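Descriptive analysis of the structure
What follows is each chain in one-letter form.
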Amino acid sequence: NAGVMQNPRHLVRRRGQEARLRCSPMKGHSHVYWYRQLPEEGLKFMVYLQKENIIDESGMPKERFSAEFPKEGPSILRIQQVVRGDSAAYFCASSPPGSGRMNTEAFFGQGTRLTVV
Amino acid sequence: KQEVTQIPAALSVPEGENLVLNCSFTDSAIYNLQWFRQDPGKGLTSLLLIQSSQREQTSGRLNASLDKSSGRSTLYIAASQPGDSATYLCAVYGQNFVFGPGTRLSVLP
């Protein structure tokens, strides 16, 4: 059972370009969470998605950032017109459905390290 | 709004010592608390999950306790080894996972 898979592991973009980060949850998991870790800072929640639904996007910047988790395929975090301040590690976590909230254990991917030059 | 703090921010100890890492959270309405390990430039590895109804969990040399009413958790590492050197993060799960800033641990041989 493969873990949470994120790709690419490293991504370099020039200012103004678009960045697309992908996250394939663990098999059988239908909940996906995205987090951002700025250099020398902690992990900050961005968005929580279930299949085809955004459940909580309270941590997402209002502009340039969007996320989706389609019925088929990986979850995508999309950053348009990237700026230097977007340089960070972006982590994805998944958890299984219907497991009861007390048992909700998050499994994290290895992250995508975005560098904006 | 949930806030999570961790003390100390950094810790350096000789090999073999027993350690205690502390985590505090402001909102006791959580479903569970999870401890993670993060190595430099790497992802997060889950260490222990404590449900809100539990007081502690153990895995090998690791023991984590939870006092939900006082908003505290501790991670106890017995007989520390250089391979334990990493950043340790606690996260509480309510609406989503809220992380502390971490404790950076160095175990010297």
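Below you will find a few notes about this structure. Keep in mind the model is a prediction, meaning the values are calculated, not measured. (Residues numbered from 1 in each chain as written. Chains lettered and ligands numbered in written order. Predicted model: local features only at pLDDT ≥ 70, side-chain atom pairs only at ≥ 80, totals over all residues. Heavy atoms only, no water.)

1. Focus: the overall build of chain B
When its secondary structure is counted, chain B shows zero helices and eleven strands. Mapped from its N terminus to its C terminus, chain B presents α and β elements in the order β-β-β-β-β-β-β-β-β-β-β. Against the compact-globule benchmark of 13 Å for 109 residues, chain B has a radius of gyration of 13 Å, which places it among compact chains. Each principal axis of the C-alpha atoms in chain B carries an extent, and together these give about 40 × 25 × 20 Å. (Helix = DSSP H or I, 4+ residues; strand = E, 2+ residues; numbered from the N terminus. Rg over C-alpha atoms; globule rule 2.2 N^0.38 Å.)

2. Thoughts on the packing of aromatic side chains
Applying the stated criterion across every chain, the model contains ten aromatic pairs over all chains. Taking 4.5 Å as the distance between ring centres and 5 degrees as the angle between the ring planes, the aromatic pair formed by Tyr33 of chain A and Tyr48 of chain A counts as stacked. Here Tyr33 of chain A, found in strand E4 (residues 31-37), pairs with Tyr48 of chain A, found in strand E5 (residues 43-50); they are 15 residues apart in sequence, far enough to count as distant. No difference in accessibility class separates Tyr33 of chain A from Tyr48 of chain A, as the two residues are buried. The interplanar angle of 40 degrees and the centroid separation of 5.5 Å between the aromatic rings of Phe36 of chain B and Phe99 of chain B together place this pair among those described as tilted. Within this pair, whereas Phe36 of chain B is found in strand E4 (residues 32-38), its partner Phe99 of chain B is found in strand E10 (residues 97-99), the two being separated by 63 residues in sequence. (Phe/Tyr/Trp six-rings, centres within 6.5 Å; stacked < 30°, edge-to-face > 60°. Buried < 20%, exposed > 50% of the residue type's maximum accessible area, 1.4 Å probe, protein only.)

3. Let's talk about the sheet that holds strand E7 (residues 65-68) of chain A
Each strand in a sheet pairs with another by means of backbone hydrogen bonds, the pair being arranged parallel or else antiparallel. Residue and element names in this part refer to chain A. Strand order in the open sheet formed by four strands is E1-E3-E8-E7, with antiparallel pairing between adjacent strands. Looking at the sheet topology across the chains shown, the edges are occupied by strand E1 (5-7) and E7. Mean inter-strand twist for the sheet, computed between neighbouring axes without regard to direction, equals 15 degrees. Bridge count between strand E3 (residues 19-24) and strand E8 (residues 75-79): five bridges; the pairing is antiparallel. Note that in E8 the partner of Cys23 across the bridge is Ser75. (Pairing = 2+ DSSP bridges. Axes fitted to C-alpha atoms, helices over the stretch in contact; angles between N-to-C directions.)

4. Digging into unusual backbone geometry
Of note, the amide linkage connecting Asn7 of chain A to Pro8 of chain A takes the cis form, showing an omega dihedral of 0 degrees. Structurally, the position occupied by Pro8 of chain A is in the loop between E1 and strand E2 (10-13). Residues Ile7 of chain B and Pro8 of chain B are joined by a peptide bond in cis, for which omega reads -5 degrees. Mapped onto the secondary structure, Pro8 of chain B falls in the loop between strand E1 (4-7) and strand E2 (10-14). Unlike most non-glycine residues, Glu52 of chain A shows phi in positive territory, near 65 degrees. Within the secondary structure layout, Glu52 of chain A lies in the loop between E5 and strand E6 (53-56). Here the phi dihedral of Ala79 of chain B falls at roughly 45 degrees; this positive angle occurs in a residue that is not glycine. Take Ala79 of chain B: it is sitting in the loop between strand E8 (72-77) and strand E9 (86-93). In this structure Ala79 of chain B comes out as partly exposed when scored by relative accessible area, which is 37%.

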